[in-house]
Amino acid sequence: MENDSKSSTVNVIWKRLKESILNFQLNSDQIFYRIGLSIGKKPWIWLLVSFIINCICCPGMIFWKEEVDDLELCVPVNSEIRTDAIWVQKHFRDDLRYESIIITAPNILEPEVLQSISEIENAVKNIVVNNHTWKDVCASFLTWFEEDESSLFEDTHSFEFSDEIMQNLNNTMLKDGCIYQSLLKLWQEDDISTLTKEKILKDVTKAIRDK
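Residues numbered from 1 in each chain as written. Predicted model: local features only at pLDDT ≥ 70, side-chain atom pairs only at ≥ 80, totals over all residues. Heavy atoms only, no water.

Under an unreviewed UniProt entry, the name given to the chain is Patched domain-containing protein 3-like, and the source organism is Vespula squamosa.

Trainee: Is there a simple way to explain the overall build of the chain in this structure?
Mentor: Along its length, the chain carries 9 helices and 0 strands. Along the chain, helices and strands appear, N-terminal first, in the series α-α-α-α-α-α-α-α-α. Split into buried and exposed, the 211 residues of the chain put 16% on the buried side. Within the chain, contacts between residues separated by at least 24 positions form 50% of all contacts whose residues are at least 6 apart in sequence. Accessible surface for the chain amounts to roughly 18100 Å². Of this, 58% is attributable to carbon and sulfur atoms. (Helix = DSSP H or I, 4+ residues; strand = E, 2+ residues; numbered from the N terminus. Buried < 20%, exposed > 50% of the residue type's maximum accessible area, 1.4 Å probe, protein only. Contact = heavy atoms within 4.5 Å. Areas by Shrake-Rupley, 256 points an atom, 1.4 Å probe, with all protein chains shown as cover.)

Trainee: Could you clarify how one ought to interpret the packing of aromatic side chains in this entry?
Mentor: What characterises a pair of aromatic rings is the spacing of the ring centres plus the angle enclosed by the ring planes. This model, assessed by the stated rule, comprises 1 aromatic pair. Residues Trp134 and Tyr180 carry aromatic rings whose centres are separated by 5.9 Å and whose planes lie at 80 degrees to one another, so their mutual orientation is edge-to-face. Of the two residues, Trp134 is situated in helix H7 (residues 134–137) and Tyr180 in the loop between helix H8 (163–171) and helix H9 (197–209); the sequence distance between them amounts to 46 residues. Geometry around Tyr180 places Lys185 over its ring, the cationic atom sitting 4.3 Å from the centre. (Phe/Tyr/Trp six-rings, centres within 6.5 Å; stacked < 30°, edge-to-face > 60°. Lys NZ or Arg CZ within 6 Å of the ring centre and 35° of its normal.)

Trainee: Would you explain the nonpolar core in this entry?
Mentor: Note that soluble globular proteins tend to have their nonpolar side chains buried in a common cluster. Listed in full, the 9 residues of the largest apolar core are Val113, Leu114, Ile117, Leu184, Trp187, Ile192, Leu195, Ile200 and Val204. Elements represented by at least two residues in this core include exactly helix H6 (111–125) and H9. Among the elements that line this core, the one with the most residues is H6, at 3 residues. (Core = buried A, V, L, I, M, F, W, Y, C linked by side-chain atoms within 4.5 Å.)

Trainee: Explain H9 here, please?
Mentor: Given 3.6 residues to a turn, an α-helix orients residues that are three or four positions apart in the same direction. The terminal C-alpha atoms of H9, which comprises 13 residues, lie 18 Å apart, in line with the 18 Å expected from a rise of 1.5 Å per residue. Considered for burial, the residues of H9 that qualify are Ile200, Asp203 and Val204. Along the axis of H9, the buried positions cluster into a sector of 100 degrees, meaning they face one direction only. Along H9, exposed side chains directed more than 90 degrees from the buried face belong to Glu198, Lys202, Lys206 and Arg209. Buried residues belonging to H9 abut H6. (Expected span 1.5 Å × (residues − 1). Arc of directions from axis to C-beta.)

Trainee: Help me understand the pattern of salt bridges, please; the structure alone is not making it clear to me.
Mentor: Side-chain pairs of opposite charge can arise whenever the charged atoms involved come near each other. Tallied over the full model, the rule gives 7 salt bridges. The partner of Glu67 in a salt bridge is Lys65, with the nearest N and O atoms 4.0 Å apart. Since its relative accessible area comes to 31%, Glu67 is described here as partly exposed. Of the charged contacts in the structure, one is a salt bridge between Glu72 and Arg82, with a shortest N-O distance of 3.4 Å. A residue pair is termed long-range when its members are at least 10 positions apart, and Glu72 in helix H4 (residues 70–74) and Arg82 in helix H5 (residues 80–91) qualify at 10 residues. With relative accessibility at 42%, the residue Glu72 sits in the partly exposed group. Where salt bridges share partners, they join Asp190, Lys199 and Asp203 into one cluster. (Salt bridge = Lys/Arg side-chain N within 4 Å of Asp/Glu carboxyl O.)

Trainee: So what exactly am I meant to see when it comes to the side chain of Arg82 here?
Mentor: Judged by its relative accessible area of 9%, Arg82 falls in the buried class. Residues contacting Arg82, with those up to four places away along its chain left out, are Leu71, Glu72, Val75, Pro76 and Val77.

Trainee: Got a minute to help me understand a nonpolar patch on the surface in this structure?
Mentor: A cluster of nonpolar side chains, Phe32, Ile35, Ile39, Ile45, Trp46, Val49 and Ile53, forms an exposed patch at the surface whose accessible area comes to about 620 Å². At the level of elements, helix H2 (28–41) and helix H3 (43–57) are the ones that each hand at least two residues to the nonpolar patch. The element that contributes the greatest number of residues to the nonpolar patch is H3, accounting for 4 residues. Within the fold, Ile53 resides in helix H3. (Patch = residues over 30% accessible without salt bridge, like charges linked within 9 Å, V, L, I, M, F, W, Y side chains within 5 Å.)

Trainee: I keep staring at the UniProt feature "transmembrane region" (unreviewed entry) in the chain and nothing clicks. Help me out?
Mentor: The positions UniProt marks with the feature "transmembrane region" (unreviewed entry) are residues 44–64. The span residues 44–64 carries 67% helix and 0% strand; its end-to-end C-alpha distance comes to 30 Å. (UniProt positions renumbered as here; feature names shortened; annotations may be inferred.)

Put into structure tokens, the structure is as follows:
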């Protein structure tokens, strides 16, 4: 008996709910008409109620936070990509940008192609903007130790190293002064215009073996 009574009650409630939904769909114009009529007759009450609701909801703006970080918006919390991205943000400064120039050719090791790469590289290094040259804005090997952004363009020799270490640095990392990757570094001591296919293949093979 109790189960029948509960079932009957549920059926009645469900029937009334369906009737209410159906009535709203069929008579929505009447509902909005009555609301509009009420607003027209008692505008101050509606204004007061609207004002009170806004006052209640406004403190929520204190907790409003606009998120524009693609990592936070699009990447799942437990994603490996998120972990890698956080590591990059932690270890690489935001004021450093990485640019790449990709050269394509049927055979990149042709002397003519290497000469063209050399011309592009020299053109980039000779760019001057607002009295800033390539060496002024490029990342050096000691840039990573500079925490203050204002010291980004300071002379790398201002760091205190022993004479022996400084000499080794000058002959290796600091010789060019900038961090960049280029195939032409294999022939830093040679004239690019005099390279032959045989020498190019020999030097590249040697570099791969010594890697």
